[in-house]
Structures are given as structure tokens and as C-alpha cells.
Amino acid sequence: YCGVCHSDLHFARNEWGFSAYPLVPGHEILGRVTRVGKDVTKFKAGDLAAVGCMVDSCRTCSSCKQGLEQFCQAGSIFTYNGPDKHSGGMTFGGYSEKVVCDEAFTLKVPKNLDPARSAPLLCAGITCYSPLRHWNAGPGRRVAVVGLGGVGSWAVEALARSGVAGLTLFDLDHTLLPLDSDYEWGEFTIRIGWTDPVDFARRNAEFYAHYQAGTLD
């Protein structure tokens, strides 16, 4: 299984100007291990495994040693459209028939996750989860989410189950949600605010009060 990220479309259409063809997109990859190398210890054939947006790095620079391979000083190797230092050429992504990846950049997947629904966790999911964890967004915190797109919807799902004290959602598309109203997400109530890029905060008194006081977590 492989999810679709909007960046896949940008690369496929060369909208960023550096796509290398032939190109196979896809960096939200989840499937079954079919074979493992003799030195692999984390996986065995039949395991559920996942691959995200990177498949390699130098592993020796200060960033890599801190677990920040995305900032590799020698350059991260991305899942597709990146130089493949093992086989030459460019890496191909998750819309391939199969993917070969080093176990250091392969993730274990819990057995209770539905593979057909979980692939977007590899991009949109971690993109929202990382800052929520970094800023300790949880019980007692007040959080604002800007945009109910792919990443924003994952953020709302996570926050609605995290025990936050308040969640305000803003979106530039006013047709998605009614303004200045409450939206029921399961048992959780989300406050819907105004989203004009200049004065959206001023139109939501509660949010603006926290903004002025510096108390918005």
C-alpha cells in the first residue's frame, strides 16, 4: 500500500523543476516483508513494515548521530528522485511493485493497524505528530490547528483524543466548516474560528485573548 501526498503530484508534473525521469513517486509505503538480508535483525519475512520519505543518509555526521537524518550534512537520500548510492541511478518510490530498504530506515508496524488505511501516517501523520509531541500538546493545553487538510485532519484526530483543554480550528475555505461555531468530533467539541490571514485572531475573542496574553500553548 502507498498513500498519495501532494508532493507526489508536484514531482510527477515537475512543478518544482528538479524531477528526474523516469520517476516513481510514493513515500507513504506500508506492506509485508518478503525477504531479508543475512545481517537484518529487526525484521523477518511476513512482518508488517513501513517506509517513509527517506531511505538513507551518511549516518556519521552530527545530525545523523542525533537521530536527525533529515538534516544530514552529506545530504539525505529520499525515497524517490534521490541518488541511489548502492545501485546507481535514482531511487524509486512506493508505486513500484516492490521496495528494497535498509532496516535502519524501515519502521515496524503494529499488527492491529489496518495496512490499507495506515500508510498516510508515514507523511501527514508524522508531520503533525512531531510538533504536537515537541510542544507537549496534551492534557491542559490549548491548541490551534490552521487548515483542515491532510495534515490538519490528522492533527484534529490526535488532539481530540489527547485530553487538550481547548482546540480551535481555522481554515481558509469557509465552505468546509461554519464560522464561529462548535463542531462535534466524536465526543470532543472543536471551536471553529475565522480564518482571514490578517485578522482571523481578532474575530475570535477567546483565541485573541490568549494570543495577546501569550498564553496560547
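Undergrad: Explanation requested: the pairing of strand 6 (residues 142–146) in the structure shown.
TA: Every other side chain in a regular strand lies on the same face of the sheet, so the side chains alternate between the two faces. Burial along strand 6 is one-sided: Val 143 and Val 145 are buried, and none of Arg 142, Ala 144 and Val 146, which face the opposite way, are. With helix 5 (residues 150–159) bridging strand 6 and the parallel strand 7 (residues 166–170), this β-α-β connection has right-handed handedness.

Undergrad: Explain helix 4 (residues 124–134) to me, please; I cannot follow it from the model alone.
TA: Structural remark: α-helix, 3.6 residues per turn; residues separated by three or four positions point the same way. For helix 4, the full list of buried residues reads Ala 124, Gly 125, Cys 128 and Leu 132. Taken end-on, helix 4 shows its buried residues confined to a sector of 95 degrees, consistent with a single buried face. Opposite the buried face of helix 4, by more than 90 degrees, sit the exposed residues Arg 133 and His 134. Those residues of helix 4 hidden inside the fold are in contact with helix 5. Of the residues flanking the end of helix 4, it is Asn 136, one or two places downstream, whose phi is positive at about 55 degrees.

Undergrad: Explain the packing of aromatic side chains here, please?
TA: Here the structure, examined in full by the defined rule, presents four aromatic pairs. Their ring planes at 80 degrees and their centres at 5.4 Å tell us that Phe 11 and Trp 16 sit as a pair that is edge-to-face. Among the residues examined, Phe 11 registers a relative accessible area of 13% and is labelled buried. Of the residues examined, Trp 16 reaches a relative accessible area of 45% and is grouped as partly exposed. Relative to Tyr 80, the ring of Phe 11 has its centre 5.2 Å away and its plane inclined at 80 degrees; by these criteria the two rings are edge-to-face. Within this pair, whereas Phe 11 is found in helix 1 (residues 6–12), its partner Tyr 80 is found in the loop between strand 4 (77–78) and strand 5 (107–108), the two being separated by 69 residues in sequence.

Undergrad: Help me out: how do you make sense of helix 5 in this one?
TA: Turning to helix 5, its buried residues number three or more, namely Gly 152, Ala 155, Val 156 and Leu 159. Seen along its axis, helix 5 keeps its buried residues to an arc of 100 degrees; they face one direction.

The rules we used
- In this convention, every chain numbers its residues from 1, walking through the sequence in written order.
- Under the rules for a predicted model, residues below a pLDDT of 70 receive no local features and side-chain atom pairs below 80 are neither given nor counted, while totals for whole chains, interfaces and linings still include all residues.
- Side-chain numbers here rest on the full set of heavy atoms in the structure, without hydrogens or water.
- Residue burial is assigned from relative accessible area. The probe radius is 1.4 Å, only protein chains are included, and a residue is buried under 20% of its type maximum, exposed over 50%, and partly exposed in between.
- Under the DSSP-based scheme used, a helix requires at least four consecutive residues in state H or I and a strand at least two consecutive residues in state E, with every element numbered from the N terminus.
- The handedness of a crossover follows from its direction of travel: if, with the strands pointing away from the viewer, the path from the first strand over the helix to the second runs clockwise, the crossover is right-handed.
- It is the directions from the helix axis to the C-beta atoms whose arc is reported.
- In what follows, residue pairs with any heavy atoms lying within 4.5 Å of each other are defined as contacts.
- Classification of ring pairs rests on two measures: the distance between centres of Phe, Tyr or Trp rings, Trp counted by its six-membered ring, which must be within 6.5 Å, and the angle between planes, read as stacked under 30 degrees, edge-to-face over 60 and tilted in between.

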